[in-house]
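Now for the letters of each chain:
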Amino acid sequence: MSLLETIAVVLIFLAGLAFLVIRDWRWSLAALAVQYLGVFILVIGWLGLELAAIKLIAGWMATAILGATRPGTIAGDDRQAGALFKVFVYLLICLSMWAAVGGMLDWFPELLPFQGMSALILIGTGLFGMGIEKSPVRMVSGLLFFMSGFELVYAALEPSALVAGLLAAVALALALAGAYLSTGELPKLEEEESL
Amino acid sequence: MSAPLLWIVLPALLGIVLFVIPGERRWPGLSALAVGALLALAAWIFPLGRPTHFVVWPFQIEQEMSILGRSLVMVDDLRWLVSAWYGAASLWMLGALLTGSGGRSTPLMMSVTAVLVGALSVQPPLYAPLFLTLAALLCIPILSPPEGGPARGPLLFVTFQLLALPLMMVAGARLAGLEGSPPGLEAVTRPAALLGFGFAFLLAVFPFHAWVPVVTRTSRPMAAGFVIVFLTTGAALLGIQQFDRFVWLRETEGAFAILRFVGVLVVTTGGFWLAFEQHPGRQMGFSALVDGGLVMLALGLGGEASLLMVWGLLVVRSLGYLVWAAGLGVIQRQAGSLSVDAIHAAARAEPLAALAIVCGQMSAMGLPLLAGFAMRLPLLSGLASAHLVAALAVWLAMLGAGVAGIRTLAGLVTPFGDRAPGEPGVVRWRDQLNLGDLFLVLGSLLLLGVGIFPQWVVPFLERLPLAFAH
């Protein structure tokens, strides 16, 4: 594992932790952007710089779309409740993924252990995030984490331009959907906040 | 001009453009309806890949379009299916516009239809799940009520659809090149299991059906009905495509046995919930689950006759749920919401909407003389002669649907009680008939007509299986 790849794995680990633990929307979206950087570094070897850059740019665009809805206006986003619990669960996710990575590599011999581990951390973070969140933006961010994990695995299986393009379209459409649903929910949540 | 450009790329983009146009909503919706109907007609009339002419102008529609090193291919035999697909979508758009229950997202129905045609056309078929996911994402504005409110239903829906994507893509990559005979059964067992789980998510198989009752409760009935019918039909067609593609799959009796088992599971659980469900929208959702199970059971019978049953069930389902959802949409608009109380006394205040609800629900239940019965009868006799347990499960589900149908009927004729028409949550009286009422009557009559004369649709149904080579 090269230094750059080590940095990418560390970035993904920290991004997952930050996404789950920090409630401030700016930090959550920053974590989303950082994990895209990590995925970009890890898939360069399979996809080449051009296709890997598509993932990075589409991911950052998706993050920007979600950020443009300013989800910080939603009540309760600044709460830090359960942070310790989430750290504990995140470490548990990482441990269970560490145990599962061997089985995964039997299925996907194309992957190296650190790549498989990174993909599983992203998938686990995304699934857990989706499960515990209620706000559309945070739920969609969880889905984007999940999709990044899958894209990391799939890049090794099918390094195709069409797949890269369609997955980028899926990420952007998902972010647009999150933004659309978030703006639909705002009046109701602001009303609740004022009560 | 190539067929994929005409029936996939252009309508998909046009629907999105019409959706984002600000201001008055009627013209974008009508434009999408006109384009959808024209595309259905064009697919029916013009052959693909052969010289033809329009009045005196000769032309040829190419079958293939290259895109980023891969291709979208629409063979000539696929055009009957494409025509039916666009025709059904046009009817749903018409219903949404006439009953005023489609919201501003009617043009997106055309985009969803185009992307689903893309899922059936992409080569290699490995990429089809990506198209299904894009179609699911396009459904989010359709499912979101325009007045805002909770986003849980659309989010739950898209989550389940997205969970299917990795399973199906990985399975597709692992099964690539194994279309004929695999080196051993163990080489395909795990990918086939992944594929099965992927389809379970897409088809809302128990226990992955959580989004259906939520969406049918929170979204407009026409929107929820369209998404459930079209997305699950798209997934079912993709499933049939897998049987067409993999020789070993259609020659393995175990695959059909699994289909029958899952079909029984879906039909039984759906029928059970249906029997106890009171909300009219959720009843439609659970009924759609039962219908999905029936499609699996029909496919699980195997043979050419089973494929005809599948097509019959899919076509009648699209028509029946359209009429049902349109009736519910009118009630929702008149009452301001769709609740158990909203349908009370609708038989007097909105008799045509009540007629549509009864016809749609009774057809889905399989009541004789309605379209649903005509398509269930051969399935039931086929199951009774070969798989009695599955036939009993279908009978039980029909019993559950019957209980729900009687509950709806009772609700429709229940008096207002101490609440007055026009109160929030109570259906209002109307003085004048409109085109929406005509749509409801014609839809109900069509369900009755197909039920009494099923031979009307058989020549059409016989053309649809041509889309798949085997």
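These numbers were taken from a predicted model, which means no experiment stands behind them.

Observations regarding the overall build of chain B
So, point 1. Across its full length, chain B holds 19 helices and five strands.
So, point 2. Overall, chain B is about 70 × 55 × 45 Å in size when its C-alpha atoms are taken along their principal axes.
So, point 3. Split into buried and exposed, the 470 residues of chain B put 61% on the buried side.
So, point 4. Long-range contacts, defined as pairs at least 24 residues apart, comprise 77% of the intrachain contacts of chain B with a sequence gap of at least 6.
So, point 5. Summing over all exposed atoms, chain B offers an accessible surface of approximately 17,700 Å²; the carbon and sulfur share of this is 70%.
So, point 6. Computed over 24 positive and 21 negative side-chain charges, the separation of the two mean positions in chain B equals 5 Å.

Considerations on the overall build of chain A
So, point 1. When helices and strands are tallied, chain A shows six helices and zero strands.
So, point 2. Listing every helix and strand of chain A by position from the N terminus yields α-α-α-α-α-α.
So, point 3. Relative to its 195 residues, chain A shows a buried fraction of 56%.
So, point 4. A separation of at least 24 residues holds for 76% of the contacts in chain A among residues at least 6 apart in sequence.
So, point 5. Within the structure as shown, chain A displays about 8,100 Å² of accessible surface, and the carbon and sulfur contribution to it stands at 73%.

What about the interface of chain A and chain B?
So, point 1. Tallying the contact residues gives 32 residues for chain A and 33 residues for chain B.
So, point 2. For the pairing of chain A and chain B, the buried interface totals around 2,900 Å² over both sides, and the portion due to carbon and sulfur atoms is 81%.
So, point 3. For the chain A face of the interface with chain B, the top three residues by lost area are W107, L162 and Y180 of chain A, together amounting to 24%.
So, point 4. The salt bridge involving R174 of chain B is made with E110 of chain A; its shortest N-O contact spans 3.2 Å.
So, point 5. At the junction of chain A with chain B, the criterion picks out five residue pairs in polar contact (both at pLDDT 80 or more).
So, point 6. Breaking the side of chain A that touches chain B down by element, the ones donating at least two residues are α4 (113-132), α5 (136-157) and α6 (161-194) of chain A.

Here we look at the domain arrangement of chain B
Residues and elements named next belong to chain B.
So, point 1. Domain annotation of chain B identifies domain 1 (1-123) and domain 2 (124-467).
So, point 2. Taking only C-alpha atoms into account, the centre of domain 1 sits 23 Å from that of domain 2.
So, point 3. With 37 residues of domain 1 at the interface, the matching set in domain 2 holds 42 residues.
So, point 4. Roughly 3,600 Å² of surface becomes buried between domain 1 and domain 2 when both sides are summed, with 79% attributable to carbon and sulfur atoms.
So, point 5. Linking domain 1 with domain 2 are zero salt bridges.
So, point 6. Looking at the side of domain 1 that touches domain 2, the elements with two or more residues in it are α1 (3-20), β4 (70-73), α3 (79-98), α4 (106-121) and β5 (122-123).
So, point 7. In the side of domain 1 that touches domain 2, the residues fall into 24 nonpolar, eleven polar and two charged.

Considerations on the confidence of the model for chain A
Residues and elements named next belong to chain A.
So, point 1. Looking at chain A as a whole, its pLDDT mean stands at 84, while 88% of the residues score no less than 70.
So, point 2. Summarising per-element confidence for chain A, the mean pLDDT is lowest in α6 (73) and highest in α5 (91).
So, point 3. Low confidence marks residues 73-78, where pLDDT is under 50. Its contacts with residues over four positions away, or in another chain, come to 15 contacts.
So, point 4. Scored below 50 in pLDDT, residues 186-195 makes eight contacts in the model with residues more than four places away or belonging to other chains.

Regarding the pattern of salt bridges
Residues and elements named next belong to chain A.
So, point 1. In this structure the tally under the stated criterion is eleven salt bridges over all chains.
So, point 2. Between R26 and D24 there is a salt bridge, with its nearest N and O atoms 3.3 Å apart.
So, point 3. On the accessibility criterion, D24 (22% relative accessible area) is partly exposed.
So, point 4. Linked by salt bridges that have partners in common, R23, E133 and R138 make up one network.

Quick word on the packing of aromatic side chains
Residues and elements named next belong to chain B.
So, point 1. The full count for this structure, using the stated rule, is 22 aromatic pairs over all chains.
So, point 2. One aromatic cluster is present, formed by F46, F54, W57 and F59 through successive ring pairs.
So, point 3. Stacked on the ring of W80, the Lys or Arg R79 has its end atom at 4.3 Å from the ring centre.

Points about the pairing of strand β3 (residues 64-67) of chain B
Residues and elements named next belong to chain B.
So, point 1. Taken together, the four bridges between β3 and β4 define a ladder with antiparallel strand orientation. Note on β4: the bridge partner recorded for S66 is S71.
So, point 2. Here β3 folds back onto β4 in antiparallel fashion, the turn holding two residues, of which L68 has a positive phi close to 50°.

Observations concerning the sheet that holds β4 of chain B
Residue and element names in this part refer to chain B.
So, point 1. The sheet built from three strands is open, its strands ordered β3-β4-β5 with antiparallel pairing. The two strands at the open ends of the sheet, each matched to only one other strand, are β3 and β5.
So, point 2. Together, β3 and β4 form the strand contacts of α1, whose direction differs from that of β3 by roughly 60°.

Quick word on a nonpolar patch on the surface
So, point 1. Nonpolar side chains collect at one region of the surface, where L369, L435, L438, L442, L445, L448, I452, F453 and W456 of chain B lie side by side and expose about 900 Å² of accessible area between them.
So, point 2. On the secondary structure map, W456 of chain B appears in the loop between α18 (435-452) and α19 (458-463).

Scoring rules and cut-offs
- Residues numbered from 1 in each chain as written.
- Chains lettered and ligands numbered in written order.
- Predicted model: local features only at pLDDT ≥ 70, side-chain atom pairs only at ≥ 80, totals over all residues.
- Heavy atoms only, no water.
- Helix = DSSP H or I, 4+ residues; strand = E, 2+ residues; numbered from the N terminus.
- Buried < 20%, exposed > 50% of the residue type's maximum accessible area, 1.4 Å probe, protein only.
- Contact = heavy atoms within 4.5 Å.
- Areas by Shrake-Rupley, 256 points an atom, 1.4 Å probe, with all protein chains shown as cover.
- Lys, Arg positive; Asp, Glu negative; His and termini not counted.
- Charge placed at Lys NZ, Arg CZ, Asp CG, Glu CD.
- Buried area = accessible area lost by both parts, 1.4 Å probe.
- Salt bridge = Lys/Arg side-chain N within 4 Å of Asp/Glu carboxyl O.
- Polar contact = N/O pair within 3.5 Å; in protein donor to acceptor, adjacent residues only side chain to side chain.
- Domains from an automatic or database assignment.
- Nonpolar A, V, L, I, M, F, W, Y, C, P; charged D, E, K, R; others polar.
- pLDDT = per-residue confidence, 0-100.
- Phe/Tyr/Trp six-rings, centres within 6.5 Å; stacked < 30°, edge-to-face > 60°.
- Lys NZ or Arg CZ within 6 Å of the ring centre and 35° of its normal.
- Pairing = 2+ DSSP bridges.
- Axes fitted to C-alpha atoms, helices over the stretch in contact; angles between N-to-C directions.
- Patch = residues over 30% accessible without salt bridge, like charges linked within 9 Å, V, L, I, M, F, W, Y side chains within 5 Å.

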